[in-house]
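The chain contents come next:
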Amino acid sequence: NAGVTQTPKFRVLKTGQSMTLLCAQDMNHEYMYWYRQDPGMGLRLIHYSVGEGTTAKGEVPDGYNVSRLKKQNFLLGLESAAPSQTSVYFCASRTGGQMNTEAFFGQGTRLTVV
Amino acid sequence: AQSVSQHNHHVILSEAASLELGCNYSYGGTVNLFWYVQYPGQHLQLLLKYFSGDPLVKGIKGFEAEFIKSKFSFNLRKPSVQWSDTAEYFCAVKDYGGSQGNLIFGKGTKLSVKP
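**Topic: the interface of chain A and chain B**
With 21 residues of chain A at the interface, the matching set in chain B holds 25 residues. Between chain A and chain B, roughly 1,800 Å² of surface is buried when both sides are summed, and carbon and sulfur atoms account for 57% of that area. Between the two partners, chain A and chain B, sit one salt bridge. For the salt bridge of E102(A) with K49(B), the shortest nitrogen-to-oxygen distance reads 3.1 Å. Summed over the shared surface of chain A and chain B, the number is five residue pairs in polar contact (both at pLDDT 80 or more). A class-by-class count of the residues in the side of chain A that touches chain B yields twelve nonpolar, seven polar and two charged.

Here it is, written out as structure tokens:
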């Protein structure tokens, strides 16, 4: 049971380049989340999804897009990367329906935009 | 909107010292509370959680936390820390607002344990 898997683990982009981060979970979870982690800021929610085909904005959505075409996958896209998007990105998932369930996190993707 | 405050940015302790990390949240209603730990270079792992019932919650690796509703607090404790507890600790509250159970995180507390 792999849990939540993120690819890639590391990436360096030039300003203006685009890329997609993939999050895959094998726990049949309905809810999936993308966070970014910056020093001294904790984790901030970028976008989330409550089911296949649905997405919604979180706290810091600007500059990012997401898609949830399949239940097990949640993609985070950067159309035109900026240095301010240098961060560590974490995906998480949890079961839906009830509120009192814990979230499981992926290993993270360290992105540097130069 | 809910918020979470962690009082200490960086705590440095010697092995065998006792630990208490502060966490306060803003929401006045029913809350779900969590402590996550992030070891260097790794992802977040759940230490413990509180949903209801006994306000003293025991987690993994000897950690515990006490939910004090009147103080809006959920402090993390460990009687005797080890070098392997060196990590960053995040308190989180589940958001019952619009984001379908999103976790609101504190800014984290780095714990350094000296051998």
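**Quick word on the sheet that holds strand β1 (residues 4-7) of chain A**
Residues and elements named next belong to chain A. The antiparallel open sheet is built from four strands, whose spatial order is β1-β3-β8-β7. A strand with exactly one partner marks an edge of an open sheet, and here the two such strands are β1 and β7 (65-67). Each strand axis lies, on average, 20° off the axis of its neighbour in the sheet, ignoring direction. Here β7 runs beside strand β8 (residues 73-78); their pairing, made up of three bridges, is antiparallel. Each residue of the ladder has a partner; that of V66, found in β8, is L76.

**Quick word on the pairing of strand β6 (residues 54-57) of chain A**
Residue and element names in this part refer to chain A. Pairing of strand β5 (residues 42-51) with β6, which is carried by three bridges, proceeds in the antiparallel orientation. Each bridged residue has a counterpart across the sheet, and for G51 the counterpart in β6 is T54. Taking the residues between adjacent antiparallel strands as the criterion, β5 and β6 are bridged by two residues, where G53 takes a positive phi near 85°.

**As for the layout of surface pockets**
Roughly 630 Å³ of volume is contained in the largest pocket. Surrounding the largest pocket, 33 residues form its lining, Q37(A), V88(A), R110(A), Q38(B) and G41(B) being those nearest its centre. For the lining of the largest pocket, the secondary-structure elements that each account for two or more residues are β4 (31-38), β9 (87-94) and β11 (109-113) of chain A together with β10 (87-94) and β12 (109-114) of chain B. The residue makeup of the lining of the largest pocket, split by class, is eleven nonpolar, 16 polar and six charged. Every residue lining the second largest pocket is counted, 18 residues in all, and those nearest its centre are L43(A), R44(A), E59(A), I104(B) and F105(B). Elements with a minimum of two residues in the lining of the second largest pocket: β5 of chain A together with β11 (103-105) of chain B.

Conventions we followed
- Residues numbered from 1 in each chain as written.
- Chains lettered and ligands numbered in written order.
- Predicted model: local features only at pLDDT ≥ 70, side-chain atom pairs only at ≥ 80, totals over all residues.
- Heavy atoms only, no water.
- Contact = heavy atoms within 4.5 Å.
- Buried area = accessible area lost by both parts, 1.4 Å probe.
- Salt bridge = Lys/Arg side-chain N within 4 Å of Asp/Glu carboxyl O.
- Polar contact = N/O pair within 3.5 Å; in protein donor to acceptor, adjacent residues only side chain to side chain.
- Nonpolar A, V, L, I, M, F, W, Y, C, P; charged D, E, K, R; others polar.
- Pairing = 2+ DSSP bridges.
- Helix = DSSP H or I, 4+ residues; strand = E, 2+ residues; numbered from the N terminus.
- Axes fitted to C-alpha atoms, helices over the stretch in contact; angles between N-to-C directions.
- 1 Å grid on protein atoms, 1.4 Å probe; cavity = no way out; pocket = protein on both sides within 12 Å on 5 of 7 lines; lining within 4 Å.
- Points joined across faces, edges and corners; volume = space filled by probe spheres on them.

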